[in-house]
Amino acid sequence: MKRGVPGFQAWRWAFFVPGGIYIINAISTLMLGIDHPSGKDYRDLKKDGTLKSKGAFWPVLKCAMGNYRAWILALTYGYSFGVELTVDNIIVEYLFDQFGLSLTTAGALGGAFGMMNLFTRASGGMISDLVAKYWGMRGRLWALWIIQTLGGVFCVILGVVYNNLTATIVVMFIFSIFCQQACGLHFGITPFVSRRAYGVVSGLVGAGGSAGGAITQAIWFAGKAKWQLTLQKYDGLKYMGIQTIGLTLALFLINFPMWGSMLTGPREGAQEEDYYLREWSAEEVAEGLHQGAMNFAME
């Protein structure tokens, strides 16, 4: 693209590449996608009447928005993925200004921070599944809290070692592992918050990440207030790490009656079926619309 247009335009043209891939993928899914999550052909399920509608959208939206667990995960995701986005935005300029690296070198190191996602995010999901084998949902919550808190700790350290390039690079990569693993760990919990409104809950948590990144950058790195104009980027990194540690404590508030919380066990007599059945009205249950959620609860 740089052969056809100036460099300052080429990077904008580059966005058409992933954009085009998304469009092709979406059209292909609409035209060719026939598999249902049950493993059967979607069209066959429609023909034999097995596949039932989930009902109106408003009850689904209300179900997601009324579940406080979704909001807590949206908040904490803002300080895993949101922090990642913030660092993606500032790290190249920080390395360039703080250590006098060339833009090419600073860009390569900054890009490597994001490229760690090739394995770190997936490994977070794997850790969540592994601990769940032994400690269930409480294990998933503890693993997320520990790893995201460590991400906050290394974010603070990243701001402390601002006068040492080698230490900055080493700490940056350790920080990226914990920060990005926490992203995957969030989505080891999100599917269990609501079965009926899983899509809306996932969207809410994901949006929390983007919102957290925008808000955090505005607070520590892009504000115009007098006190912000004198704030150094390494100070912003320290404060962002402290903010991450503090807000991640909200995970202690999440409680599933049938599984418990990080500090308490399950409520006596609470069952998975009871939890997911609450998302459906008596009329919808009579129509059998809840059956998929009950299958999930049994599994």
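Residues numbered from 1 in each chain as written. Predicted model: local features only at pLDDT ≥ 70, side-chain atom pairs only at ≥ 80, totals over all residues. Heavy atoms only, no water.

Going by an unreviewed UniProt entry, the protein chain carries the name Major facilitator superfamily (MFS) profile domain-containing protein and comes from Volvox reticuliferus. Here the protein chain is described in UniProt, under the heading Sequence similarities (unreviewed entry), as follows: "Belongs to the major facilitator superfamily. Nitrate/nitrite porter (TC 2.A.1.8) family." (UniProt positions renumbered as here; feature names shortened; annotations may be inferred.)

1. Here we look at the environment of Ile-147
Mapping Ile-147 onto the fold places it in helix H8 (residues 120–160). With sequence-adjacent residues up to four places away left out, Ile-147 is seen in contact with Ile-127, Phe-178, Gln-181, Ala-182 and Leu-185. (Helix = DSSP H or I, 4+ residues; strand = E, 2+ residues; numbered from the N terminus. Contact = heavy atoms within 4.5 Å.)

2. Focus: the pattern of salt bridges
By the definition in use, this model includes five salt bridges. Here Glu-93 ties to Lys-233 by a salt bridge, and the two come within 3.6 Å at their closest N and O atoms. Of the two residues, Glu-93 sits in helix H6 (residues 81–99) while Lys-233 sits in helix H12 (residues 233–248), which places them 140 residues apart along the sequence. By relative accessible area, which is 23% here, Lys-233 ends up partly exposed. Among the salt bridges present, the one from Asp-129 reaches Arg-140, with a minimum N-O distance of 3.0 Å. Since its relative accessible area comes to 43%, Asp-129 is described here as partly exposed. (Salt bridge = Lys/Arg side-chain N within 4 Å of Asp/Glu carboxyl O. Buried < 20%, exposed > 50% of the residue type's maximum accessible area, 1.4 Å probe, protein only.)

3. Some thoughts on the layout of surface pockets
In this structure, the second largest pocket spans a volume of roughly 220 Å³. Lining the second largest pocket are Ala-132, Gly-136, Met-137, Arg-140, Phe-192, Trp-259, Glu-272, Tyr-276, Phe-296, Ala-297 and Glu-299. Only H8, helix H13 (272–277) and helix H15 (291–298) provide two or more residues apiece to the lining of the second largest pocket. Top element by residues in the lining of the second largest pocket is H8. It accounts for four residues. Here the residues of the lining of the second largest pocket are counted per class, giving seven nonpolar, one polar and three charged. (1 Å grid on protein atoms, 1.4 Å probe; cavity = no way out; pocket = protein on both sides within 12 Å on 5 of 7 lines; lining within 4 Å. Points joined across faces, edges and corners; volume = space filled by probe spheres on them. Nonpolar A, V, L, I, M, F, W, Y, C, P; charged D, E, K, R; others polar.)

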